[in-house]
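# Residue-level structural notes
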Amino acid sequence: MSAWAKEAVARAKQLSILEGAKDKAGTVTFNPKKSITRAEFLTIVTKLLYKEVSVTSKTEYKDVKPGDWHYKYIVKAKETGIIGGFPDGSFKPNEPLTREQVAIILANAFKLKAQQASTFKDVPSDHPSASFIAAVEEQKLMKGTNGQFQPKQAVTREMAAVIAVKLYDDFISKK
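Notes on the structure follow. All values reported here derive from a predicted model rather than from experimental measurement. Per chain, residues are indexed from 1 in the order of the written sequence. Per-residue local features are limited, in this predicted model, to residues with pLDDT of at least 70; the limit for side-chain atom pairs, both in listing and counting, is 80 or more; totals at the level of whole chains, interfaces and linings are taken over all residues. The side-chain numbers reported here are obtained from all heavy atoms of the structure, hydrogens and water having been left aside.

### Topic: the overall build of the protein chain
- In terms of helices and strands, the protein chain carries six helices and two strands.
- Secondary structure elements are taken from DSSP: a helix is a run of H or I of four residues or more, a strand is a run of E of two residues or more, and numbering for both begins at the N terminus. Secondary structure elements of the protein chain occur, N-terminal to C-terminal, as α-β-β-α-α-α-α-α.
- Using C-alpha atoms as the atom set, the radius of gyration is obtained and then compared with a globule rule of 2.2 Å times the number of residues to the power 0.38. The globule rule puts the C-alpha radius of gyration for 175 residues at 16 Å, and the 16 Å found for the protein chain is close to it.
- Its C-alpha atoms put the protein chain at 40 × 40 × 30 Å along the principal axes.
- Any residue under 20% of the maximum accessible area for its type is buried, any over 50% is exposed, and the rest in between are partly exposed; the area is computed with a 1.4 Å probe on protein chains only. Expressed as a percentage of its 175 residues, the buried residues of the protein chain come to 45%.

### Regarding the nonpolar core
- Buried residues of nine kinds, namely Ala, Val, Leu, Ile, Met, Phe, Trp, Tyr and Cys, make up a nonpolar core once their side-chain atoms join them within 4.5 Å. Counting residues in each nonpolar core, the largest one holds 52 residues, and the members touching the most others are Leu 18, Phe 41, Val 45, Ile 83, Leu 106 and Phe 110.
- Elements supplying a minimum of two residues to this core: helix H1 (6–14), helix H2 (38–50), helix H3 (71–79), helix H4 (99–109), helix H5 (130–138) and helix H6 (157–172).
- Not counting residues within four places of it along the chain, the set of residues in contact with Val 45 comprises Ile 105, Leu 106, Ala 109, Phe 110 and Leu 167. We call two residues contacting when some pair of their heavy atoms lies within 4.5 Å.

### A word on the packing of aromatic side chains
- The rule is short: rings of Phe, Tyr and Trp, with Trp giving its six-membered ring, pair when the centres are within 6.5 Å, and they are stacked under 30 degrees, edge-to-face over 60, tilted in between. Taken as a whole, this structure holds three aromatic pairs when the rule is applied.
- Pairing Tyr 61 with Phe 91 gives two aromatic rings, centres 5.4 Å apart and planes at 45°, and the pair type is tilted. Of this pair, Tyr 61 sits in the loop between H2 and H3 while Phe 91 sits in the loop between H3 and H4; the two residues are 30 residues apart in sequence, bridging distant segments of the chain. Taken as a pair, Tyr 61 and Phe 91 share a single burial class, namely buried.

### Quick notes on the packing of H2 against H3
- Axis lines are fitted through C-alpha atoms, for helices just across the contact stretch, and the angle between N-to-C directions can take any value from 0 to 180 degrees. Running from amino to carboxyl end, H2 crosses H3 at an angle of 70°, the nearest separation of the two axes being 9 Å. The angle between H2 and H3 places the two elements in the roughly perpendicular class. Where H2 crosses over H3, the two elements pack in a sense that is left-handed. Residues Ala 39, Leu 42, Thr 43, Thr 46, Lys 47 and Tyr 50 of H2 touch H3, and the partners they reach there are Tyr 73, Ile 74, Lys 76 and Ala 77.
- For the contact of H2 with H3, the class distribution of residues is six nonpolar, two polar and two charged. An angle below 35 degrees is read as roughly parallel, one above 145 as roughly antiparallel, one from 65 to 115 as roughly perpendicular, and any other as oblique. Left-handed describes a crossing in which the near helix is turned anticlockwise from the far one by less than a right angle; the clockwise case is right-handed. Three classes are used, and their members are as follows: Ala, Val, Leu, Ile, Met, Phe, Trp, Tyr, Cys and Pro are nonpolar, Asp, Glu, Lys and Arg are charged, and the others, Gly among them, are polar.

### Some words on the environment of Phe 91
- Classification of Phe 91 by relative accessible area gives buried; the value is 1%.
- Leaving out residues up to four positions away in the same chain, Phe 91 has contacts with Arg 38, Ala 39, Leu 42, Tyr 61, Asp 63, Val 64, Ile 74, Ile 83, Gly 84 and Phe 86.

### Quick word on H6
- By the burial criterion, the buried members of H6 are Arg 157, Glu 158, Met 159, Ala 160, Ala 161, Val 162, Ile 163, Ala 164, Val 165, Leu 167 and Ile 172.
- Residues of H6 that are buried make contact with H1, H2 and H4.

The structure is reproduced here in structure tokens:
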């Protein structure tokens, strides 16, 4: 685990925001360097916002079914405008989440609006997600490396823990 994430991972576990998963042997491991999936991250955000989640509508996604563990979180996020899907009618819940997708989810979920353009060299003003990335940059929810945001980079579980704890501290605990 990276030193910069250690404290956030411990707090995320303490707050029951993000925990490890049982492997086939029954051992709980966190897997900090593993990519977080779209469903896992959306579940974190939805739980932070709504604590208890219940839904009355059905999903419009062809790859999200009522028996799926993440079903109610994805449906709630869709109902509340946090997410869209893909043009083919899918959500791709088990695919790795990108930094760009995190920015979109957070900006939509927490109604973040950028006051100025992003300073990241790899996010020009005409980038499709520039306003979302600028919004999370201004809120200090996400950082870059060497002036780069790396929008297509997959988000690891330790990165997700850092973001989740910042969300909790900056938005949820102050409600």
